[in-house]
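One-letter residues, chain by chain:
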Amino acid sequence: MSSSVPSPVARLRGARPPWLSPKVFRTEVLAGLVVGLALIPEAISFSVIAGVAPEVGLFAACTMAMVIAFVGGRPAMISASTGAVALVVAPVAREHGLGYLIATVILAGVFQIALGALGVARLMRFVPRSVMVGFVNALGILLFSAQIPNLLDVPWPVYPLTAAGLALMVFFPRLTKAVPAPLVSIVILTVITVAAGIAVPTVGDKGKLPSSLPVPGLPDVPFSLHTLTVIAPYALAMALVGLMESLMTAKLVDEMTDTRSNKTRESIGQGIANIVTGFFGGMGGCAMIGQTMINVKNGARTRLSTFLAGFFLLILCIVLGPVVSRIPMAALVAVMVLVSVGTFDWHSIKPATLKRLPIGETTVMVITVAVVVATGNLSIGVVVGSLTAMVIFARRVAHLAQVTAVLDPDGTQVVYSVTGELFFASSNDLVTQFHYAADPDRVVIDLTAAHVWDASSVAALDAVENKYKQRGKSVEIVGLNEPSARIHRTLSGELTGSN
């Protein structure tokens, strides 16, 4: 007789992580290796921006990736040292030294855990689609423009090597997709330059790779109130910038992979990863949109690729440092150029698309892109774009509140029907839409088709009542729904001192 209860073996098979599948495992490992290679020049460059030794950025990339793989809320997303974080903490390192920078990273992690626990991730629902599109397009532009310095004032072989790398990544997948095309491109171009003795800029030219493992320890700073006052503003700024970039990246990956992530867990996980990174002497970081795109576009979907990116980076730097140092920058530039082209939402700028979109949506997208490109900071662009979208929305909704008057046949009563959303923008014109002197002695304001959102609307209704009372006329407000009635009951007569 068969049983409906699954066997222990069947239960274990059902609980098996997806990355244990041979095909998925191979994809995750190879994607992690490509990302690990791509992290090296980025981490070194961000160390230069922050004003610290290359190993500080590299250790941050290793520890951030490996820790976030366990505690983060978005599988396949890569976190490491980033340009945005480097810009925030650079003044600390420059003015107070490495010890204060490490203390700032640890405190920023504490702030991120607190903000995550308070539900800051839920604010992402207020980021409009037009801002997301602008974020993606600006990202593509920044990724591309970041490669331009590597193509200026360089030996001429850099250009054919870069072109060859692009060609390999475009055409190799037509032969097979078993191995990521970026990895093939990096290996082939490295072999060519080494075998032929071609003198071109390499990864080693960006800075010396570390030769030993990082050692955990406390930051070398006095544990005093003065230290806290020095690092707290920078730590809070780093926490906010890091969370915004990470949550925006998570949302983008959600849409690309048609999966959902745990934004609260990701916020708290970023904090944990930064604390661990700080204790290991790293400069901190957040989600890296460029490397995440490389990872996802190479087919990675699980936490294994994230962990292996950090692990491979550590091995590449410490064990294979001399080999990695000889990788031509042209190979990595080609990878990032192709990623930037694939990241940009070309559909969003097609004339047919722009023609269909409301002018406000296009304006928000353009402003987001312009601010990000001008500042080089994705977080600032998202904030400005979201605020612009809110202003445009408020202006649009402000004109939806309408007032119509119906006079009783006997002329003893007039009923004003208010339709729409009453808030600070729409309620400004409310007071002017009543005929105080010409109306009869009894006035009814029907709010059945309206909703009162804020104190400004209550104040406007109070002002209407007062104007009628000054003329000896009675006013009755009817039709309030429960939330509107509650706020009206609580605030009416309390805002201007009238009763």
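Heads up: the structure comes first, above all this text.
Thresholds applied
Residues numbered from 1 in each chain as written. Predicted model: local features only at pLDDT ≥ 70, side-chain atom pairs only at ≥ 80, totals over all residues. Heavy atoms only, no water. Core = buried A, V, L, I, M, F, W, Y, C linked by side-chain atoms within 4.5 Å. Buried < 20%, exposed > 50% of the residue type's maximum accessible area, 1.4 Å probe, protein only. Contact = heavy atoms within 4.5 Å. Helix = DSSP H or I, 4+ residues; strand = E, 2+ residues; numbered from the N terminus. Expected span 1.5 Å × (residues − 1). Phe/Tyr/Trp six-rings, centres within 6.5 Å; stacked < 30°, edge-to-face > 60°. Salt bridge = Lys/Arg side-chain N within 4 Å of Asp/Glu carboxyl O.

Enquirer: Run through the nonpolar core, naming residues and quoting values.
Expert: Generally speaking, a soluble globular protein has its nonpolar side chains buried in company with each other. Residues Ile40, Leu58, Leu101, Met283, Ile294 and Leu313 are the most contacted members of the largest nonpolar core, which totals 99 residues. If sequence neighbours within four positions are ignored, Ile294 has contacts with Val34, Val35, Ala38, Val335, Met336 and Val339. Counting residues in each nonpolar core, the second largest holds 22 residues, with Val414, Val443, Ile445 and Val464 among its members.

Enquirer: Quick one: what's the story with helix H5 (residues 98-117), residue by residue and with numbers?
Expert: Given 3.6 residues to a turn, an α-helix orients residues that are three or four positions apart in the same direction. For H5, spanning 20 residues, the distance from its first C-alpha to its last is 29 Å, which sits close to the expected 28 Å at 1.5 Å a residue. Taken across its 20 residues, H5 has 14 buried, putting it largely inside the fold. Of the residues one or two after H5, Gly119 is the one with positive phi, at around 90°.

Enquirer: Give a detailed account of the packing of aromatic side chains, specifying residues and quantitative values.
Expert: Applying the stated criterion across every chain yields a total of eight aromatic pairs. Taking the centre distance of 5.7 Å and the plane angle of 75° together, the rings of Phe70 and Phe307 count as edge-to-face. Of this pair, Phe70 sits in helix H3 (residues 54-71) while Phe307 is found in helix H12 (residues 303-318), placing the two residues 237 residues apart along the sequence. For Phe307, a relative accessible area of 25% corresponds to the partly exposed category. Taken together, a centroid distance of 6.1 Å and an interplanar angle of 10° make the contact between Phe307 and Phe311 stacked. Taken together, the positions of Phe307 and Phe311, both in helix H12 and four residues apart, correspond to about one turn of that helix. Three or more aromatic residues link up through ring pairs in this structure, and these residues are Phe70, Phe307, Phe311 and Phe312.

Enquirer: Tell me about the pattern of salt bridges, and please be specific about residues and values.
Expert: Counted according to the given criterion, the structure contains five salt bridges. Across the pair Asp254 and Arg74 runs a salt bridge, and its minimum N-O distance is 2.6 Å. A residue pair is termed long-range when its members are at least 10 positions apart, and Asp254 in helix H9 (residues 225-257) and Arg74 in the loop between H3 and strand S1 (79-80) qualify at 180 residues. Both residues of the pair, Asp254 and Arg74, count as buried. Of the charged contacts in the structure, one is a salt bridge between Glu476 and Arg442, with a shortest N-O distance of 2.6 Å. With a gap of 34 residues between them, Glu476 in strand S6 (residues 474-478) and Arg442 in strand S5 (residues 442-452) connect regions that are remote in the sequence. For Glu476, a relative accessible area of 32% puts it in the partly exposed group. Sharing partners across several salt bridges, the network here consists of Arg74, Asp254 and Lys263.

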